[in-house]
Amino acid sequence: MICYFLGITAVKPEKGNLLFERFISKERKEPPDIDVDFEHERREEVIQYIYEKYGHERAAITAVVISYRLRSALRDVGKALGVAPALVDAFAKDHHWFDEGAAEDRLQGLALDVGVCISAHAAHWWLKLTRELYKFPRHLSQHVGGFVLTQDKLTRLVPIEPASMEKRSIIQWDKDDLDAMNLLKVDVLALGMLTALRRCVDMRNTLREEPWTLLSEIPTEDPATYEMICAADTVGTFQIESRAQMSMLPRLQPREFYDLVVEVAIVRPGPIQGGMVHPYLIARERKRNGGELQLEKPELRPALERTLGIPIFQEQVMQIAMAAAGFTAAEADALRRSMAAWKRTGGVHHFKDRVIEGMVNNDYRREFAEQIFQQMLGFGEYGFPESHAYSFALLAYASAWFKRHEPACFLAALLNSQPMGFYTPSQLVQDARRHGVRVLPVDVTASDWLSTLEAPLAPIRDIEQPQPAVRLGLNFVAHLEGTAAQRLLAARAQAPFESTQDLALRAQLDRHDLQALAAADAMTSLSGHRRQQMWDAAAQWRAPPLLRETPTHEHRLELPEAKEGEAILFDYAATGLTVVRSHPLSLLRSKLDRWKIRTAAQLLDIPDGRRMRAAGIVTVRQRPGTAKGTMFVSLEDETGTVNVVVWPSILEKWREPLLRSRLLAVEGTWQRSQPNKSAPQHATCHLIAERVIDLTQLLGRLGPVLNGSRDFH
């Protein structure tokens, strides 16, 4: 309530179902947990404000212990044992984010590939010591934002040292040690989406001349926004953009705000491991069909009614423990703490007898009590608090509303707030273009440093108001210094550029700056096509002061324009994306057609169960711990994205192409399901991989310059 009235949160107290004991109680005898998310671009302002207000002697950032991962252990042990650097590098890179153990069977083969010999004795000790070092503490690092604040000098309690970052200091203790001492810790965290949404509001205010100041002014419960969400058209949005969330959205069918709160929380290790997902979906279907809420006992209604009888949030576990097992508020909070310690082993199982016997003594069936405790164990693998889910759902809805109703503002804001989110700028641009947004390339005569909106406004299908184009900013130009861009903008503000030479003279750009702009095709309006730009750039140099304003007069040499493939190659090399040219796969489509490889758009019309082939640039690889070894791969072609499911046996068989290829072809069974009968238009589609082929060689020189895939747990 205090945070709401101070404007820190937009969560209205009367709308939420927050449990007071979750935050503060007299039994805890300790400061409350305080987490605040700020715009990621402005968090440093907040950090320095805290230092200025409380002083470096009373405020410091907590440390966090960084442990050895498999790759770092292999590298450090290999280096210490004197293993050839080429083999150390190759063997470390052969292990990926999900590998738990060193691949002994592949070591000798890799040694032969890199032309290095390693004895069985050296290999044995390398692998043995790596296993011992794995997950062992390696070094202390800064916590992402945990601030410790004290009334007296911190140095009387804990050791402090200067941080590597300027004007920062850190405590030489891990955050868990500080919790044990009951020191007040405020988490000053950062969210890229907050930055993006602030930019969205600012851009829309300028565009529509409607001054919004808060996200709460966004129209609520908009049917069009929920329809887009239910269709899993959520690329770029907050929290509901991942593969797992996109798969859940057509099944859960969020049609009101609290559905989004549940959606944010249910696709988490806790509810998945605890077996809450399918029972909740069944309960939703029962409610749609007019069925009644099913509860073990009426006294559970306050805790479980809002989630249809299935515990989804940490607070509900506390409520069940108090209502059904006779826990006090302090005991329930201790249970919550054991669930919050999800990265540390142990915790929840200590409450097993207390929970089960307490429920049995209160006349609950033992079977039901054991089921509830199994769900609590799931929360030990990370369950979401309702308070967080509610706040995150607000941002998820706001981002979805902008994507649906102001897609140009949404794209520009996302591009200007990078790095953030699940998708690269190239993927965001491709998605926006498929939705009708006009994206214009970098241009020295029109681009600002950041991406901007540009007239004229034009209609887009299914969008109420006409939309501007998005002009990419100069910040997309690789190797262009910010100071050079600022000189360019200052000179252009005085008068438009008449030629490349005029640009070079008035903006004081050297050959390096001009060649960076030419490589990005940013001087088309001054010099023509890219080859001509490169020639003109090569002819320029920064003149001495006496001749700096003096133009030269030479005959222009006309060069032939590059072919489409070369132009696309330079687009990706210089800006990381292409906007005025074809998608790379469109150049290969005739060959792919001969191999009976379908596009993403063509697959949408294929019935369930057909054997199909697809190919695309690998954009995402994800292997969550809750998927039991299954990997999810996203392939992008010129028409959209194909979602591929790779079972563990297939991953083991086709490991190299699945983990290393930039362009991947997949053959398997097309799976098309309509998980929700109330919305048959919202189908979930996957290609179940059975065979894969690495087609990266077809990309030629484009392969190395493409953005690598984003790989996640």
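Residues numbered from 1 in each chain as written. Predicted model: local features only at pLDDT ≥ 70, side-chain atom pairs only at ≥ 80, totals over all residues. Heavy atoms only, no water.

**A look at unusual backbone geometry**
In this structure, Pro419 follows Gln418 across a cis peptide bond, with omega equal to 0°. The topology assignment puts Pro419 in the loop between α20 (407-416) and α21 (425-434). Between Ala455 and Pro456 the backbone carries a cis peptide bond, its omega angle lying at 5°. Inspection of the secondary structure assignment puts Pro456 in strand β8 (residues 452-458). We note that Ala232 has phi near 60°; this positive angle belongs to a residue other than glycine. (Helix = DSSP H or I, 4+ residues; strand = E, 2+ residues; numbered from the N terminus.)

**Side note on the environment of Pro219**
Inspection of the secondary structure puts Pro219 in the loop between α8 (192-208) and α9 (223-230). Taking the C-alpha atoms as reference points, Pro219 and Tyr397, 178 residues apart in sequence, are found 10 Å from one another. For Pro219, the residues in contact, after removing those within four places along its chain, are Trp212, Tyr397 and Trp401. (Contact = heavy atoms within 4.5 Å.)

**Overview of the pattern of salt bridges**
Any two side chains of opposite charge can pair, given that their charged atoms come close. Inspection of every chain in the model, using the stated rule, returns 38 salt bridges. With a closest N to O distance of 3.5 Å, Glu406 and Arg204 form a salt bridge. Placement of the pair is Glu406 in the loop between α19 (386-405) and α20 and Arg204 in helix α8, with a sequence separation of 202 residues. Since its relative accessible area comes to 4%, Arg204 is described here as buried. Its salt-bridge partner being Asp259, residue Arg284 comes within 3.0 Å of it at the nearest N-O pair. Highlighted residues: Arg284 in helix α13 (residues 277-288) and Asp259 in helix α11 (residues 257-266), separated in sequence by 25 residues. By the burial criterion, Arg284 is buried, and Asp259 matches it. Here the residues in one salt-bridge network are Arg611, Arg613, Glu667, Glu690 and Arg691, joined through shared partners. (Salt bridge = Lys/Arg side-chain N within 4 Å of Asp/Glu carboxyl O. Buried < 20%, exposed > 50% of the residue type's maximum accessible area, 1.4 Å probe, protein only.)

**Some points on the packing of helix α3 (residues 70-80) against helix α6 (residues 120-133)**
Contact pair α3 / α6: the axes reach a minimum separation of 9 Å and the direction vectors enclose 130°. Here α6 runs oblique to α3, going by the angle between their axes. Considering how the two elements wind past one another, α3 and α6 form a crossing that is right-handed. Of α6, the residues touching α3 (which contributes Leu70, Ala73, Leu74, Val77 and Gly78) are Trp126, Leu129, Thr130 and Leu133. Tallied by class, the residues present in the contact of α3 with α6 amount to seven nonpolar, two polar and no charged. (Axes fitted to C-alpha atoms, helices over the stretch in contact; angles between N-to-C directions. Parallel < 35°, antiparallel > 145°, perpendicular 65-115°, else oblique. Left-handed = near helix turned anticlockwise from the far one by under 90°. Nonpolar A, V, L, I, M, F, W, Y, C, P; charged D, E, K, R; others polar.)

**A short note on a nonpolar patch on the surface**
Where nonpolar side chains cluster on the molecular surface, the patch consists of Ile2, Leu6 and Ile8 and spans about 350 Å² of accessible area. Tracing the sequence through the fold places Leu6 in the loop between α1 (2-5) and β1 (34-39). According to the relative accessible area criterion, Leu6 is exposed, its value standing at 62%. (Patch = residues over 30% accessible without salt bridge, like charges linked within 9 Å, V, L, I, M, F, W, Y side chains within 5 Å. Areas by Shrake-Rupley, 256 points an atom, 1.4 Å probe, with all protein chains shown as cover.)

**Digging into the pairing of strand β10 (residues 611-622)**
Counting buried positions over the 12 residues of β10 gives 10, a clear majority of the element. Pairing of β10 with strand β13 (residues 663-673) involves seven bridges; the strand directions are antiparallel. Across the sheet, Arg611 pairs through a bridge with Thr669, a residue of β13. Both β10 and strand β11 (residues 631-636) contribute to a ladder of five bridges, which runs antiparallel. Counted as the bridge partner of Gln622 is Phe632 from β11. One ladder, built from three bridges, connects β10 with strand β15 (residues 710-712); its direction is parallel. Each bridged residue has a counterpart across the sheet, and for Gln622 the counterpart in β15 is Phe712. (Pairing = 2+ DSSP bridges.)

**As for the pairing of strand β6 (residues 185-191)**
Among the seven residues of β6, five are classified as buried, and the element is accordingly described as predominantly covered. With three bridges connecting them, strand β3 (residues 137-149) and β6 associate as antiparallel partners. Directly across from Gly146, in β6, lies its bridge partner Asp187.

**Re helix α26 (residues 530-538)**
Along α26, the positions that sit buried rather than exposed are Arg530, Gln532, Gln533, Asp536 and Ala537. Projected onto a plane normal to the axis of α26, the buried residues spread over an arc of 155° and lie on a single side. Those residues of α26 that are buried are in contact with α23 (500-507), α24 (511-519), α25 (524-527) and α27 (564-575). (Arc of directions from axis to C-beta.)

**A word on the nonpolar core**
Counting 126 residues, the largest nonpolar core has Ile266, Met359, Phe402, Leu411, Leu488, Leu503 and Leu517 as the members making the most contacts within it. Here the element with the most residues in this core is α19; it accounts for 10 residues. Discounting residues that sit within four places of it in the chain, Met359 has contacts with Ala324, Ala325, Tyr364, Phe368, Ala369 and Ile372. One finds Ala600, Leu635, Val646 and Cys685 within the second-largest nonpolar core, a separate group that totals 24 residues. (Core = buried A, V, L, I, M, F, W, Y, C linked by side-chain atoms within 4.5 Å.)

**Things to note about the packing of helix α22 (residues 482-494) against α23**
One way to put it is that α22 packs onto α23 with a least axis distance of 9 Å and a crossing angle of 110°. Between α22 and α23, the interaxial angle falls into the category roughly perpendicular. Contacts between α22 and α23 involve Arg487, Leu488, Ala491 and Gln494 on the former and, on the latter, Leu503, Arg506 and Ala507.

**What about the sheet that holds strand β2 (residues 59-67)?**
Taken in spatial order, the six strands line up as β1-β6-β3-β2-β5-β4 in an open sheet, and their pairing is mixed. Both outer strands of the open sheet, β1 and β4 (160-162), are each paired with one neighbouring strand and no more. Neighbour-to-neighbour, the strand axes of this sheet turn through a mean angle of 45°, independent of strand direction. Sitting on the sheet, helix α2 (residues 43-54) is in contact with β1, β2, β3, β5 (169-174) and β6, with an inclination near 70° to β3.

**Here we look at the sheet that holds strand β9 (residues 467-471)**
Strand order in the open sheet formed by three strands is β7-β9-β8, and the pairing between neighbours is mixed. Only two strands of the sheet have a single neighbouring strand rather than two, namely β7 (439-440) and β8. When β8 meets β9, the two strands line up antiparallel, connected through four bridges. Of the residues in β9, the one forming a bridge with Ala458 is Gln467.

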